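Coordinate inspection notes
If you want the building blocks of each chain, they are given just below.
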Amino acid sequence: MKKLLILSVAVYFLTVIASYNGFTQSDIRADYTKLVLPDTGGFFKSTAPVKEDNLSGINARAIKDFKKSYKFSSEERWFKTDEGGFLVKFSLNGIKNRADYDKKGNWIATTRYYTEKELPKDVRAQVKSVYYDFSISTVEEITFPEHLVYIIHMQDDTKWMNVRICDGEMDIMQEYLKQ
């Protein structure tokens, strides 16, 4: 379990997997707030998309969960991952999404990608109260079984910054000076 957790954390934007047995709530939150954004994008590295007419290689449990959870999705594209899991990219209400499943078809996380306009007002106020000179370019909202994490990509005249909010706590994940 620890190996899988370390692998997941190293590969996904700041995640832990679905099993939190043995951890207290504060321990879990501490894990999220210490995570760093890896240079590789996404939880799993995906291979080529699976053809729509041949989903036989995708775990039936993952497909069933996806169909139940995202009934009104469109543009769905399934991928097998190098680690044996599955991911599906899709649109829902005009917002790009990605759902990750392990090799047994268990849901791990869903990531939504949107702009500042769709960001909840309380989260936006929390960010803008500190970084009022920054403009928000993209938001990643990552939903785990027990947590909701926001990664807010921002910039001002001199730098780019990625800020993470988890359980109401905000911290800087990455910061780059512009040339």
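The structure reproduced in this document is the subject of the present report. (Residues numbered from 1 in each chain as written. Predicted model: local features only at pLDDT ≥ 70, side-chain atom pairs only at ≥ 80, totals over all residues. Heavy atoms only, no water.)

Here's the deal with the overall build of the protein chain
Here is the rule: Elements are defined by DSSP. Helices are runs of H or I of four residues or more, strands are runs of E of two residues or more, and each kind is numbered from the N terminus. Only protein chains enter the calculation, and the probe is 1.4 Å; a residue is then buried if its accessible area is under 20% of its type maximum, exposed if over 50%, and partly exposed in between. Contacts are residue-level and defined by heavy atoms, with any inter-residue pair within 4.5 Å sufficient.
In terms of regular secondary structure, the protein chain is built from four helices and nine strands. Reading the protein chain from its N end, one meets helices and strands in the order α-α-β-α-β-β-β-β-α-β-β-β-β. Looking at the protein chain as a whole, 43% of its 179 residues are labelled buried. Partitioning the contacts of the protein chain with sequence separation of at least 6, the portion at a separation of at least 24 is 44%.

Focus on the pattern of salt bridges
The condition is simple: A carboxyl oxygen of Asp or Glu within 4 Å of a side-chain nitrogen of Lys or Arg is what we treat as a salt bridge.
On inspection of all chains with the given rule, the structure shows eight salt bridges. For the salt bridge of E75 with K96, the shortest nitrogen-to-oxygen distance reads 3.4 Å. In this pair, E75 is assigned in strand β2 (residues 74-81) and K96 in strand β4 (residues 95-101), connecting sequence segments 21 residues apart. According to the relative accessible area criterion, E75 is exposed, its value standing at 55%. Looking at K96, the relative accessible area reads 48%, which means it is partly exposed. Each of E116, R124 and K128 takes part in one network of salt bridges that share partners.

So, the nonpolar core
As a reminder, the rule being used: Here, the term nonpolar core denotes a set of buried Ala, Val, Leu, Ile, Met, Phe, Trp, Tyr and Cys residues that are joined through side-chain atoms within 4.5 Å.
Membership of the largest hydrophobic core comes to 15 residues, with the highest contact counts inside it found for Y150, I152 and M154. Contributing elements (two or more residues each) for this core: α4 (121-130), β6 (135-143), β7 (148-155) and β8 (159-166). In this view, I152 contacts V123, V127, I136, T138, V139, M161, N162, V163 and I165; residues no more than four positions away in its chain are not counted.

Some points on unusual backbone geometry
At E75, a residue that is not glycine, the phi angle is positive and equals roughly 55°. Unlike most non-glycine residues, D167 shows phi in positive territory, near 55°. Mapping D167 onto the fold places it in the loop between β8 and β9 (169-177). D167 sits in the partly exposed class, given a relative accessible area of 36%.

As for the environment of K64
By secondary structure assignment, the location of K64 is in helix α3 (residues 60-69). Judged by relative accessible area, which is 65%, K64 ranks as exposed. In the structure, K64 is positioned 41 residues away from G105 in sequence and 9.0 Å away in space, judged by C-alpha atoms.

Some points on the packing of aromatic side chains
Rule in force here: In summary, the pairing rule links any two rings of Phe, Tyr or Trp, Trp by its six-membered ring, whose centres are within 6.5 Å, and it sorts them by plane angle into stacked for under 30 degrees, edge-to-face for over 60 and tilted for everything else. Any Lys NZ or Arg CZ found within 6 Å of a ring centre and within 35 degrees of that ring's normal is scored as a charge over the ring.
Under the criterion given, the structure shown has six aromatic pairs. On the basis of an interplanar angle of 75° and a centroid distance of 4.9 Å, the ring pair of F66 and F90 is categorised as edge-to-face. Residue F66 is located in helix α3, and its partner F90 is located in strand β3 (residues 86-92); the two are separated by 24 residues in the primary sequence. Take F66: its relative accessible area is 0%, and that puts it in the buried class. Between Y131 and F134 the ring centres are 5.7 Å apart and the planes differ by 85°, which places this aromatic pair in the edge-to-face class. Both residues of the pair, Y131 and F134, belong to the buried class. Feature note: the residues F66, Y70, W78, F90 and Y101 constitute an aromatic cluster, connected by ring pairs. Here K89 stacks its cationic end above the ring of F79, 5.2 Å away from the centre of that ring.

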